[in-house]
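Each chain is listed here by its residues.
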Amino acid sequence: MNEQIRAREVRLVGPEGEQVGIVPLERALQLAADVDLDLVEVAPMARPPVCKLMDFGKFKYESALKAREARRNQQQTVIKEMKLRPKIDPHDYETKKGHVVRFLKAGDKVKVTIMFRGREQSRPELGYRLLRRLESEITDLGYVEAAPKQDGRNMIMVLAPHRAVKASAVAATASRGGPRERVAEESTAPAGGETPAAGESAAAGETGTTADTSGQ
């Protein structure tokens, strides 16, 4: 709900941003009525408060458009997961690497997980060498954000896209005319399936204070 301006005097700003000066509130309301505009309090904590002559409906509409455009161009942080076995077949490795490359090109981070089973747990160096190999083969697209570390039966490394790669992904998304409806995490199982998880998005609102000039 819009609140009425309570000060007796206001510092008035014209519709083009020009400084009118300090005037009585009644005079400011009359000026707004004369030009068929609203008197909007833009700095209520100032002494005296600052008010501006504007079309408040048009202002809210344009603010909503800007907020929508900002959300459209926003790049959400997305983490994908790729799971491999330490003794992965060369063909399967190339397939998995292709997924990692695709994720990085899309501007997403990738958590690469090496899964050890049975006696493989006594050979962590196999997983370490595999992760280092993958790192060396994607250096043009990304870098290691979190170095390989053992986590129970798994070894994990996190890859992130270079800034230029991510910027290119954002530009490509904007050129398609809409945001990427992406999930916060997508896991690719050893068999090659992809399972999405829920993501979050946030939108900002616009508020303002205006004085009704009708009947002035």
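Residues numbered from 1 in each chain as written. Predicted model: local features only at pLDDT ≥ 70, side-chain atom pairs only at ≥ 80, totals over all residues. Heavy atoms only, no water.

## Focus: the overall build of the protein
Rules: Only runs of H or I of at least four residues qualify as helices and only runs of E of at least two qualify as strands under DSSP, and these elements are numbered from the N terminus. In this scheme, a residue with accessible area under 20% of its type's maximum is buried, one over 50% is exposed, and one in between is partly exposed, where area comes from a 1.4 Å probe on protein chains only. The contact definition used throughout considers only heavy atoms, calling two residues in contact when any of these lie within 4.5 Å.
Assigned secondary structure in the protein consists of five helices and eleven strands. Here the protein, with 216 residues, has 35% of them falling under the buried criterion. Here the analysis covers contacts within the protein between residues at least 6 apart in sequence; of these, 61% occur between residues at least 24 apart.

## Some words on the packing of helix H3 (residues 90-105) against helix H4 (residues 124-137)
We count it as follows: Inter-axis angles, ranging from 0 to 180 degrees, are taken between N-to-C directions of lines fitted to C-alpha atoms, where helices are fitted over the stretch in contact. Convention used here: angles under 35 degrees read as roughly parallel, angles over 145 as roughly antiparallel, angles from 65 to 115 as roughly perpendicular, and any remaining angle as oblique. Handedness of a helix crossing follows the sense of rotation of the near helix relative to the far helix, less than a right angle counterclockwise being left-handed and clockwise being right-handed. Note on residue categories: nonpolar means Ala, Val, Leu, Ile, Met, Phe, Trp, Tyr, Cys or Pro, charged means Asp, Glu, Lys or Arg, and polar means any other residue, Gly included.
Interaxial distance between H3 and H4 falls to 11 Å at its minimum, and their mutual angle equals 50 degrees. One way to sum up the angle between H3 and H4 is to call them oblique. As for how H3 packs across H4, the hand of that crossing is right-handed. Contacts from Tyr93, Glu94, Lys97 and Val100 of H3 reach H4 at Leu130, Arg133, Leu134 and Glu137. Looking at the contact of H3 with H4 residue by residue, the class counts come to four nonpolar, no polar and four charged.

## Here's the deal with the side chain of threonine 113
Assignment of secondary structure puts threonine 113 in strand S6 (residues 109-115). For threonine 113, a relative accessible area of 3% gives the class buried. The contact partners of threonine 113, leaving out residues within four places of it in the chain, are Glu81, Met82, Lys83, Leu84, Asn154, Met155 and Ile156.

## Quick look at helix H1 (residues 25-34)
Heads up, the condition is: Taking the helix axis as origin, the arc is that swept by the directions to the C-beta atoms.
The complete set of buried residues in H1 reads Leu25, Ala28, Leu29 and Ala32. Seen along its axis, H1 keeps its buried residues to an arc of 100 degrees; they face one direction. Structural note: H1 exposes Glu26 and Asp34 on the side pointing more than 90 degrees away from its buried face. Two residues or fewer after H1 comes aspartate 36, characterised by a positive phi angle close to 55 degrees.

## Topic: the pairing of strand S7 (residues 142-151)
Note the cut-off: DSSP bridges decide pairing: two strands pair if at least two such bridges lie between them.
As defined by bridge partners, S7 adjoins strand S8 (residues 154-161) across seven bridges and the pair is classed as antiparallel. Directly across from valine 144, in S8, lies its bridge partner leucine 159. Where S7 hands over to S8, the hairpin turn is made up of two residues, of which glycine 152 adopts a positive phi near 65 degrees.

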